[in-house]
Amino acid sequence: MNKTERTILKQLYKGQSLSRKDLADNLSLSKTIVGKYINNFLQRGYLEEEKNLNGSIGKPQFNLTFHKNFIKILALQLKGETIVSALGNFYGDLFDKKVIHLTKFSQENLLNNIFSLIESYINNFSIEVISIGMNGIVDSDEGISLLSIPYNWNNLNLKKILEEKFKISVVIDNGANLMALREKKIGLGKNLNNFIIFNIDEGVGAGIILNNKLHRGSKFEAGEIGHAPYDYSKDALICSCGNKGCLETYLSNWRVVNRVHKETNLLLSYEEIIQRANEGQEYFVELMFSLSKAISHGILWTEYLLNPEAIIITGKITEAKDFFWKEVLRTLNNNLLNKNKNIHLIKSTYSSNSILQGAIYSGADYFFK
């Protein structure tokens, strides 16, 4: 693919849906040259051309969009003892999704399963980019897992390992960052310039969009809100990071499940706990009220540091009914420095595919860099 071809496709990716005239004007190229390349792209199945029904009187305009099968990006989510994968396109559509549960947990076994999974796709599809979302601190520039506590990875250059083995471009990022990217592309952050996505799952993390771009910090540690101190008591729980009383020890799904089991001897799933609270069962309502204080603590940290247009909450906790969110907002508003404003808090519909879709968009962005 030559420079002009890539420039035209990059302009289409940025604009999503443009006419030949739009491309010629935007790139300062003649309509003849643009038409030559577009016709070639249409023949090769890269693009589709549809009549613009909203066009003005006169010669009709035809908008160009990418064919859904133009580029295939392989997305992987490394999620504890589970690896989730799927193919995707520029529109975030997912297909051929697979899930692997590791029976033997070790670095060697994890890498071997990643290799086998990638090989199964490469044998059947033409893959342009492999995009990976994972936990911990990730140097997204170099593709290095700087610190992953669940995998015991320190400075593992996963990008180099995979690119040398498969000869395919690899991009890697923290899962919360990819969730924020997804929200910016197709979700609640689409029309926001600055927002934070606050993800509460098996861990707690934040993805930050500043001036329409992902903000990772100088050492790629921005958004690790789950490790902000919350409980300073002598009985504070030890976090996976080794510190005591981190916000994550109070809010993460599995910690809540363990807490309920310890206090009631009931072994319930996180979904069942939320359901019982929604039904008004007293213990579970009080439990949720205690969680509202913790989540408010994390939100206030991010609000005071970055003052975003909105904070988007995601995770299974969003399935809690209004009694919980009214308490969260009450706590937030009572503790705001400026009593004349309100925090714009938005609940995102929980989706298990959020990180995978974010990885697809990250891979598409990388393809055009």
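Above: the structure in question.
Here the structure is a predicted model, which is why all the values come from computation and not from measurement.

Reading the values: the criteria
- Throughout, residues of each chain are indexed from 1 in the direction in which the sequence is written.
- The predicted origin of the model limits local features to residues at a pLDDT of at least 70 and limits the giving and counting of side-chain atom pairs to 80 or more, whereas totals for whole chains, interfaces and linings rest on all residues.
- Excluding hydrogens and water, the side-chain values take into account all heavy atoms of the structure.
- Starting at the N terminus, helices and strands are each numbered in turn, a helix being any DSSP run of H or I of at least four residues and a strand any DSSP run of E of at least two.
- Here, residues are in contact when the closest pair of their heavy atoms is within 4.5 Å.
- Pairing between two strands requires that DSSP report at least two bridges joining them.
- Only C-alpha atoms enter the line fits that serve as axes; for helices the fit covers just the stretch in contact. Angles between N-to-C directions range over 0 to 180 degrees.
- A pair of Phe, Tyr and Trp rings is counted when the ring centres sit within 6.5 Å of each other, with Trp represented by its six-membered ring. The angle between the planes then sorts it: under 30 degrees is stacked, over 60 is edge-to-face, the rest tilted.
- By definition here, charges over rings are those cases where NZ of Lys or CZ of Arg is within 6 Å of the ring centre and within 35 degrees of the ring normal.
- Space inside and on the surface of the protein is sampled on a 1 Å grid over the protein atoms alone, with a cavity defined as a set of points where a 1.4 Å probe fits but cannot get out and a pocket as an open set with protein on both sides within 12 Å along at least 5 of 7 lines; lining residues have an atom within 4 Å of a point.
- Grid points are joined across faces, edges and corners, and a volume is the space filled by probe spheres set on the points.
- Gly counts as polar in this scheme, as do all residues outside two lists: the nonpolar Ala, Val, Leu, Ile, Met, Phe, Trp, Tyr, Cys and Pro, and the charged Asp, Glu, Lys and Arg.
- Just so you know how the angles are binned, under 35 degrees is roughly parallel, over 145 roughly antiparallel, 65 to 115 roughly perpendicular, and the rest oblique.
- Only residues above 30% relative accessible area that lack a salt bridge enter a patch, with like-charged residues linked at up to 9 Å and the nonpolar side chains Val, Leu, Ile, Met, Phe, Trp and Tyr linked at up to 5 Å.
- Surface accessibility follows the Shrake-Rupley procedure with a 1.4 Å probe radius. Residue values consider only the protein chains on display as shielding.
- We define a salt bridge as a side-chain nitrogen of Lys or Arg found within 4 Å of a carboxyl oxygen belonging to Asp or Glu.
- Accessibility here uses a 1.4 Å probe with only protein chains present; expressed as a share of the type maximum, an area under 20% marks a residue as buried, one over 50% as exposed, and anything in between as partly exposed.
- A helix is expected to reach a length of 1.5 Å times the quantity of its residues less one.
- Polar contact is defined as a pair of N or O atoms within 3.5 Å, subject to the rule that within protein one atom must be able to donate a hydrogen and the other to accept it, and that residues adjacent in sequence are counted only when both atoms are side-chain atoms.

Visitor: Which parts of the structure should I look at to understand the environment of Ser-169?
Guide: Following the sequence through the fold, Ser-169 ends up in strand E11 (residues 169-174). Through-space distance from the C-alpha of Ser-169 to that of Phe-367 is 8.4 Å; in sequence the pair is 198 residues apart. If near-sequence neighbours (up to four positions away) are discounted, Ser-169 is found in contact with Glu-128, Val-129, Ile-130, Glu-163 and Tyr-366.

Visitor: Please explain the sheet that holds strand E16 (residues 345-347) as it appears in this structure.
Guide: Neighbouring strands of a sheet are bound in pairs by backbone hydrogen bonds; such pairs are parallel or else antiparallel. Strand order in this open sheet of 5 strands is E14-E13-E12-E15-E16, and the pairing throughout is mixed. Only two strands of the sheet have a single neighbouring strand rather than two, namely strand E14 (213-214) and E16. As judged from the 6 bridges shared by strand E12 (residues 195-200) and strand E13 (residues 204-210), these two strands associate in the antiparallel manner. Each bridged residue has a counterpart across the sheet, and for Ile-196 the counterpart in E13 is Ile-208. Across the sheet, helix H10 (residues 282-306) touches E12, E13, strand E15 (310-314) and E16, and the angle it forms with E12 is around 160°.

Visitor: What is the right way to look at the environment of Tyr-361 in this model?
Guide: Among the structural elements, Tyr-361 can be located in helix H12 (residues 354-367). With 230 residues separating them along the chain, Tyr-361 and Ser-131 place their C-alpha atoms 8.8 Å apart. Every residue in contact with Tyr-361, bar those within four places of it in the chain, is listed here: Tyr-13, Phe-90, Tyr-91, Gly-92, Leu-181, Arg-182, Lys-185 and Ile-186.

Visitor: Help me understand the packing of aromatic side chains in this model?
Guide: Inspection of every chain in the model, using the stated rule, returns 17 aromatic pairs. An aromatic cluster of three or more residues is present, and its members are Tyr-13, Phe-41, Tyr-46, Phe-66, Phe-70, Phe-90, Phe-367 and Phe-368. Positioned over the ring face of Tyr-121 is Lys-98, at 4.4 Å from the centre of the ring. Stacked on the ring of Phe-115, the Lys or Arg Lys-165 has its end atom at 5.0 Å from the ring centre.

Visitor: For this particular structure, what's the right way to read the layout of surface pockets?
Guide: Remark: the empty space left among the atoms is shown by a probe the size of a water molecule rolled over them. Considering only enclosed or pocket space, the largest pocket measures out at about 1,100 Å³ in volume. The leading source of residues in the lining of the largest pocket is helix H6 (residues 175-186), at 4 residues. Looking at the lining of the largest pocket residue by residue, the classes come out as 18 nonpolar, 22 polar and 9 charged. Space inside the second largest pocket adds up to approximately 890 Å³. Together, 30 residues line the second largest pocket, and Tyr-13, Leu-181, Lys-185, Tyr-361 and Asp-365 are the ones closest to its centre. In the lining of the second largest pocket, the residues fall into 13 nonpolar, 5 polar and 12 charged.

Visitor: Which parts of the structure should I look at to understand the packing of helix H1 (residues 3-15) against helix H3 (residues 31-43)?
Guide: Any two packed helices are characterised by the angle at which their axes cross and by the distance between the axes. At their nearest, the axes of H1 and H3 sit 11 Å apart, and the two run at 80° to each other. With respect to H3, the element H1 is oriented roughly perpendicular. Across from Thr-4, Glu-5, Ile-8 and Leu-9 in H1, the residues of H3 making contact are Tyr-37, Ile-38, Asn-40 and Phe-41. Split into classes, the residues belonging to the contact of H1 with H3 amount to 5 nonpolar, 2 polar and 1 charged.

Visitor: Can you walk me through a nonpolar patch on the surface in this structure?
Guide: On the surface, Trp-301, Leu-305 and Leu-306 cluster together to form a nonpolar patch covering roughly 290 Å² of accessible area. With respect to the secondary-structure elements, Leu-306 resides in helix H10. The exposure class assigned to Leu-306 is partly exposed, which follows from its relative accessible area of 30%.

Visitor: What's the story with H1 in this structure? I'm lost.
Guide: An α-helical turn contains 3.6 residues, so a residue and the one three or four places further along point in the same direction. Its 13 residues place the ends of H1 18 Å apart at the C-alpha level, agreeing with the 18 Å of an ideal helix rising 1.5 Å per residue. Among the residues making up H1, those that are buried are Glu-5, Ile-8, Leu-9, Gln-11, Leu-12 and Tyr-13. Measuring from the backbone nitrogen of Thr-4 back to the side-chain oxygen at the start of H1 gives 3.1 Å, which picks out Asn-2 as the cap.

Visitor: Looking at this model, I keep getting lost on the sheet that holds strand E5 (residues 82-88). Mind explaining?
Guide: Reading across the sheet, the 5 strands line up as E6-E5-E4-E7-E11 and stay open at both edges, with mixed pairing between neighbours. The open sheet has two edge strands with one neighbour each: strand E6 (94-101) and E11. On average, each strand axis in the sheet is inclined to that of its neighbour by 15°, with strand direction left out of account. Pairing analysis gives 6 bridges linking strand E7 (residues 129-134) to E11, with the strands arranged parallel. Bridge pairing links Met-134 to Asn-174 in E11. Along the sheet, H12 contacts strand E4 (73-79), E5, E6, E7 and E11; its crossing angle with E4, the most-contacted strand, is approximately 135°.

Visitor: Got a minute to help me understand unusual backbone geometry in this structure?
Guide: Backbone phi values are negative for most residues with the exception of glycine, while trans is the configuration of most peptide bonds. For Asp-96, which is not glycine, the phi torsion reads 55° and is therefore positive. If you trace the backbone, Asp-96 turns up in strand E6. Look at Asp-96 and you get partly exposed, because its relative accessible area is 35%. A positive phi angle is found at Asn-155, which is not glycine, with a value near 55°. By the secondary structure assignment, Asn-155 is in strand E10 (residues 153-156). Residue class for Asn-155 comes out exposed when judged on its relative accessible area of 56%.

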